[in-house]
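Breakdown of the fold
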Amino acid sequence: MDHAGTKSHGRTRFALKQYFSLSSLLCTVLTAVVLGWSYQHLALGDLKYLAEGRNIALTNAFANALWPNFATLVDDHPDATAEVLRLHAQEIHLQDLVVQHMKGTEVVKVKVYALNGVTVFSTDPRQTGEDKSSNAGFLAAREGRVASDLIHRDTMDTFEGTVTDLDVISSYLPVRNDRKAIVGVIEIYSDVTAFVVHLEETRRIVIGIVFGLLALLYGLLYLLVARAQGIIDRQSSELEASLNALELANRELDHRVQERTQALNETNRNLIKEIDVRRAAEKQLKLAAEVFDNAKEGIMITDADQQILAVNDAFTRMTGYSADEVVGQTPRLLNSGRQDAAFYATIWAALTSEMHWQGEIWNRRKNGEVFPEWLSIAAVRDEEASVSHYVAVFSDLTQRKAAERKIDHLAFYDILTDLPNRRLLLDRLQHALTASSRTGRGGALLFVDLDNFKSLNDIVGRDQGDLVLLQVAQRLAGCVRASDTVSRPGSDEFVVMLEDLSEGAQEAATQAEMVGEKILGRAQSGLPACQLRASQHGQYRHCPFR
């Protein structure tokens, strides 16, 4: 056939015989070549094994007969040069002895190595003194193994002269002493040229025989394939008949498809309804996204491994980090260092058991500022009840904390003078009494009143009166130590509490009087239309305590 197939009624039939002819011919040739080379490879392996066995026997013979002579060279080599080794071998006629033992064998060269790899003897004297310490065969023999290699078509200097196109097997064999210790290495080159030539001739004969057998087999197979081609042609005709029947079935199927299409149209209408439902869900998702983006609280969403997936604009405003800077990071990016590991362990314990935690925490902004926040964390489960996400919502408590501090300050300090009020004075007095009873040191309370202060307010006005109170407060604070307390419990009343006075009552009273005199002298000067009220001790009242 001239083509890969024949056409019948518009359909192409497969031409089995042509494909078989090309492919099987190539396989026949390739099989013959592979078998021939395989035979040669196996035969060379057997040759190498047999030659290695003969080399071992020759090595034992050389070692038994000549090793005492070799041993002298091995023992002398550390300090001997190549020239010295050659002269020594000549003196003991070692070359002649080796040649005598090599006669009648296939051995063409013998070399002896010391254990450090130096060639102490060679039938080719020029190789005496060479260093073979890195040679793989020498290293194997020094470790107690026999190593052989086939050298094909080489040129070699033997004791009979230079020989070209030589096939030799080189074997490295260890030499052992009476105690089985390795004392040296012998390398023997055996000539196997004739056997290799015989192998090549045999390989050509094997390839010819195999090719002939395969050609005969190819002829038989071709007859079988030709018969198979006839069967294929008959089956193709039957297949065409089946295809015609199939076309009729297809027309029937088209009718059924129309009916099925009507059913699918109904399914599509149901699908449209489902799409409407999904669109409504998408609107809900869009609304949730709007809430996420426009929420005043900072929102952070992470996966189950705490990798940040999304943050909103409020998060960026509060922390200073943009979404690009935190996505892929973990919340540890905001760690302020004020909470220890136990604090965070408590959070994760609550998330594990209750799926929710909320409380106050300190975090750090991008600029390094530490700020308080109220944090709420919720764990989100997937369909398999495994945690898939964490949602954290937080608000900045900085302004609230400042307001709380201001409220606390107003609760314990006078609004006008910023001095401790009656409540804080009583608290500090309680602490002072406790400290005095513990240390034994005395203390005193000085009560200071401004006379005619109401008349001053009526004459010059409340603003000027407030300025007088501020001046008095500043002067009183300047008359005492930082550890003492100046308080304003009433409108024109001041109380000075002195702590850590002397342990003796009289000396403590003297110290209190000195402070009182100082207060009277500094506070009275320059005050308009009012003065400090004089009482016992002249200008002030004091009450010692212990």
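**Some points on unusual backbone geometry**
Here Ala385, not a glycine, exhibits a phi torsion of approximately 65°, which is positive. For Ala385, the position within the fold is in the loop between β11 (370-381) and β12 (387-396). Residue Ala385 is classed as partly exposed on the basis of its relative accessible area, which comes to 47%. Despite not being glycine, Asp500 shows a phi value in the positive range, around 60°. Looking at the secondary structure, you find Asp500 in the loop between β15 (493-498) and α13 (505-524). Given a relative accessible area of 47%, Asp500 falls into the partly exposed group.

**Some remarks on the packing of helix α11 (residues 453-460) against helix α12 (residues 462-478)**
Interaxial distance between α11 and α12 falls to 7 Å at its minimum, and their mutual angle equals 135°. With respect to α12, the element α11 is oriented oblique. Residue-level inspection shows Phe453, Leu456, Asn457 and Val460 of α11 in contact with α12, the latter providing Arg462, Gln464, Gly465, Val468 and Leu469. Classifying every residue of the contact of α11 with α12 by side-chain character gives five nonpolar, three polar and one charged.

**Some words on the sheet that holds strand β10 (residues 356-364)**
Spatial ordering of the open sheet is given by β9-β8-β12-β11-β10, a layout of five strands whose pairing is antiparallel. Bordering the open sheet on either side are β9 (308-311) and β10, each of which pairs with just one other strand. Averaged over all neighbouring strand pairs, the angle between strand axes comes to 25°, with direction disregarded. Bridge count for β10 against β11 is nine bridges, and the pairing is antiparallel. Paired with Glu360 across the bridge in β11 is Trp374. Sheet strands touched by helix α8 (residues 341-354): β10, β11 and β12. Its angle to β10, the strand with the most contacts, is close to 150°.

**Observations regarding the environment of Ser170**
By the secondary structure assignment, Ser170 is in strand β6 (residues 161-176). Exposure remark for Ser170: the relative accessible area of 5% places this residue in the buried category. Of note is the side chain of Ser170, whose polar atom sits 2.7 Å from the side chain of Glu187.

**Topic: helix α3 (residues 94-102)**
Considered for burial, the residues of α3 that qualify are Leu94, Val98, Val99 and Met102. The arc that holds the buried residues of α3, viewed along the axis, is 135°, so those residues lie on one side. Gly104 occupies a position one or two residues after α3 and carries a positive phi of about 85°.

**Notes on the pattern of salt bridges**
Pairing of side chains with opposite charge becomes possible as their charged atoms draw close. All chains considered together, the criterion is met by eleven salt bridges. Arg269 is the salt-bridge partner of Glu266, the closest N and O atoms lying 2.1 Å from each other. Of this pair, Glu266 and Arg269 both sit in helix α5 (residues 193-294), three residues apart, which is roughly one turn of that helix. When its relative accessible area of 36% is taken as the criterion, Glu266 is described as partly exposed. Of the residues examined, Arg269 reaches a relative accessible area of 45% and is grouped as partly exposed. The salt bridge partner of Arg278 is Glu274, with a shortest N-O separation of 3.2 Å. Residue Arg278 and its partner Glu274 are both found in helix α5; the two are separated by four residues, about one turn of the helix. The class of Arg278 is exposed, set by a relative accessible area of 56%. Residues joined in a network through salt bridges with shared partners are Arg365, Glu369 and Asp396.

**Details of the pairing of strand β4 (residues 119-122)**
Strand direction decides the pairing type here: strand β3 (residues 107-113) and β4, joined by three bridges, are antiparallel. Note that in β4 the partner of Lys111 across the bridge is Ser122. The turn joining β3 and β4, which pair antiparallel and follow one another in sequence, is formed by five residues; a positive phi near 95° is taken by Gly117.

**Things to note about a nonpolar patch on the surface**
Together, Leu216, Leu217, Leu220, Leu221, Leu223 and Leu224 make up a nonpolar patch on the protein surface, roughly 600 Å² of accessible area in all. Counting through the fold element by element, Leu223 comes out in helix α5.

**Focus: the confidence of the model for the protein chain**
Averaged over every residue, the pLDDT of the protein chain is 78; residues scoring 70 or more account for 83%. Taken element by element, the protein chain is modelled with least confidence in strand β16 (residues 531-532), mean pLDDT 46, and with most confidence in β10, mean pLDDT 91.

Parameters and conventions
- Residues numbered from 1 in each chain as written.
- Predicted model: local features only at pLDDT ≥ 70, side-chain atom pairs only at ≥ 80, totals over all residues.
- Heavy atoms only, no water.
- Helix = DSSP H or I, 4+ residues; strand = E, 2+ residues; numbered from the N terminus.
- Buried < 20%, exposed > 50% of the residue type's maximum accessible area, 1.4 Å probe, protein only.
- Axes fitted to C-alpha atoms, helices over the stretch in contact; angles between N-to-C directions.
- Parallel < 35°, antiparallel > 145°, perpendicular 65-115°, else oblique.
- Contact = heavy atoms within 4.5 Å.
- Nonpolar A, V, L, I, M, F, W, Y, C, P; charged D, E, K, R; others polar.
- Pairing = 2+ DSSP bridges.
- Polar contact = N/O pair within 3.5 Å; in protein donor to acceptor, adjacent residues only side chain to side chain.
- Arc of directions from axis to C-beta.
- Salt bridge = Lys/Arg side-chain N within 4 Å of Asp/Glu carboxyl O.
- Patch = residues over 30% accessible without salt bridge, like charges linked within 9 Å, V, L, I, M, F, W, Y side chains within 5 Å.
- Areas by Shrake-Rupley, 256 points an atom, 1.4 Å probe, with all protein chains shown as cover.
- pLDDT = per-residue confidence, 0-100.

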